[in-house]
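Here is how the chains run, residue by residue.
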Amino acid sequence: MCGIIGYVGSKEAVPLLLNGLKRLEYRGYDSSGIALIDGPEIQILKKKGKLEALEQELLGGKQKATIGIGHTRWATHGAPNDVNAHPHLSGNGSIALIHNGIIENYIELKKTLLTKGYTFKSDTDTEVLVNLIAEFYDGDLQAAVIRALRRVEGTYGIAVIHVDHPDEIVFARKGSPLVVGIGEGEYLIASDLAAMVEHTRDVVFLEDGEVGTISRNGFTHIKLDESPISRSVTHIDFTLEQIEKGGYKHFMLKEIMEQPITLEDSMRGRLLEEVGEIRLGGLTEHLDALTRAERILLLACGTSYHAGLVGEYLIEDLARVPVEVEYASEFRYRHPVISPNTVSFSISQSGETIDTLEAMREAKKQGALSLGIVNTVGSTIARESEGGVYLHAGPEIGVASTKAFTSQVTIFAMLAILLGRQRGMSDSVAKELIIALKKIPSQVDQILKHQDQIVDIAKTFSRASNFLYLGRGINYPVALEGALKLKEISYIHAEGYPAAEMKHGPIALIDRHMPVVVVAPQDKNHAKIVSNIEEVRARDGVVIAIVSEDDHEVDRLANHIIRVPETHPSLMPLLTVIPLQLLSYYAADLLNLDVDKPRNLAKSVTVE
Ligand code: G6P
């Protein structure tokens, strides 16, 4: 995701900014740029692609500036290219801005600025903000930023410079992290500690609704309503690697723990609760095709395939459109029949999985509208699809996918409501689902806060050789995903099965050495799955049950119970999968395995 670094002091800014941007690379980005004040103009350099492209233009350059801002962009509004890269300059060339986050009302603001004669070069929301600041500027940069931000809806972490203030960087934060670094006669601002720890370890963490200025002489900050703030300096003594992992031992754990935020990010601006509607910008021009769709085809691999299976339940149940989910590798080679009015969605975290990409090309060739559900902005699948939806879950680094799965399922829930509304879903049903969706991030947080019990279960079973995972209905794909997570990182053999199918084979494996994880929340299948638990217990199998908060029916049967909060039954996979992610993580960690880079696996599989 986007990264911010700003420096003002007595050293040359360019190497310092480049180094800071390198430290932010691990977050993922698609373009970068810097702005400097050195003389009568702001100098800007922006490049699509890797930082090396920017570095090559800058090194050996004559920039001796001692103030500047730098940015790595992870595209949200507008394609990743040189023009859309940050910093953005105001039309009059006097102000440069870098921005993390999304300005939700930028279209409205842009219309107002257009009537005042402003023009825009990029497709970004950020260029609107820099011009809004220019509109309010009357000699005091911080005051102009405050006035502009009072009109902004959305999230931001920003750093701003003005050619007439070669000693100042103004910053502000709402929903996107920023930290001020304090050195001797020099100050830094960054979105991430990693970008500044080589220069200073004395920092002030900013909170939402704060705005301020760093200069060579000091730093001040106030609240957006101009009330004062008093906050002490924190001394950091983590290593760089620990910082990149946000203090967690592994990226996978960090990614599991950040799901309350990534889920909010995936839903942001997309849920119109008042009217019970869903807005997915990347599908707007395909709404007619989606209304006409007689069949939906979901193409994916690995965890994304499991998210597609949940999507099948959601779309068929809520929108009544037939859905087929296929392993991309099978689809592309089996001469599939594509009937007219088929809409395909290729689902991929990386957007680069070769089988998914080729399956998408095949579906397109055969006349299906080819849309994508992708996390990595600007990836090949995102570029080659005819439209689609980004997850906005941020870079996923741990090889075992976690936060991408819950964001994919969230997108499917939104898509099912959108399709359902086109086919007669009532206001009240849509609103009920939207309200339930909005609660999911805090409910995930609740599960994460009670993970001690899952650590204990992992301790009990980390030496097991086999696991069985069972689920029914929409929680059957969760059982598949739980089993995949466990085998990927702990190398314990695990199989996921529809609970009722157990009788047709796997039941032969059950004895007192076989832990059986049963995903059994309250829903219409509950009584049936309780019978399946009885069948396991009758054969001495050890049951770990995932149940709804207030359900005590399974207590007498299960050896271990993990409770998850109540939600709409269609959204349950978003909660039931969390304990399974944690169980696999802790089992692998207890075995001292390389959790983030398990043997033989790759994050992005670009070979067949
Ligand atoms: C690899 C990864 C999995 C991922 C799968 C599909 O196998 O290790 O975690 O689910 O590829 O990747 P994609 O990027 O297309 O979702």
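We now turn to the structure provided with this report. (Residues numbered from 1 in each chain as written. Predicted model: local features only at pLDDT ≥ 70, side-chain atom pairs only at ≥ 80, totals over all residues. Heavy atoms only, no water.)

### Quick word on the environment of Met-196
Okay, so step 1: Looking at where Met-196 falls in the secondary structure, it is placed in the loop between β10 (187-190) and β11 (202-205).
Okay, so step 2: Excluding its chain neighbours within four sequence positions, the residues that come into contact with Met-196 are Val-179, Val-180, Gly-181, Leu-188, Ile-189, Ala-190 and Val-203. (Helix = DSSP H or I, 4+ residues; strand = E, 2+ residues; numbered from the N terminus. Contact = heavy atoms within 4.5 Å.)

### Some words on the pattern of salt bridges
Okay, so step 1: A complete count under the given rule lists 30 salt bridges for this structure.
Okay, so step 2: The residue Glu-326 makes a salt bridge to Arg-334 at a minimum N-O spacing of 2.1 Å.
Okay, so step 3: Two residues, Glu-534 and Arg-556, come together in a salt bridge whose shortest N-O distance is 3.1 Å. Of this pair, Glu-534 sits in helix α18 (residues 526-538) while Arg-556 sits in the loop between β25 (542-548) and β26 (560-564); the two residues are 22 residues apart in sequence, bridging distant segments of the chain.
Okay, so step 4: On the accessibility criterion, Arg-556 (59% relative accessible area) is exposed.
Okay, so step 5: Put simply, Lys-47, Glu-57 and Asp-82 are held in one network by salt bridges that share partners. (Salt bridge = Lys/Arg side-chain N within 4 Å of Asp/Glu carboxyl O. Buried < 20%, exposed > 50% of the residue type's maximum accessible area, 1.4 Å probe, protein only.)

### Some points on the packing of aromatic side chains
Okay, so step 1: Taken as a whole, this structure holds five aromatic pairs when the rule is applied.
Okay, so step 2: Ring centres of Phe-461 and Phe-467 lie 6.1 Å apart, and the angle between their planes is 75°; on these two criteria the pair is classed as edge-to-face.
Okay, so step 3: By relative accessible area, Phe-461 is classed as buried at 10%.
Okay, so step 4: The class of Phe-467 is buried, set by a relative accessible area of 3%.
Okay, so step 5: One aromatic cluster is present, formed by Phe-461, Phe-467 and Tyr-469 through successive ring pairs.
Okay, so step 6: Directly above the aromatic system of Phe-120 lies the positively charged group of Lys-110, at a separation of 5.1 Å from the ring centroid.
Okay, so step 7: Positioned above the aromatic ring of Tyr-491, the side-chain terminus of Arg-599 is 3.8 Å from the ring centre. (Phe/Tyr/Trp six-rings, centres within 6.5 Å; stacked < 30°, edge-to-face > 60°. Lys NZ or Arg CZ within 6 Å of the ring centre and 35° of its normal.)

Taken by themselves, the reported measurements are silent on function.
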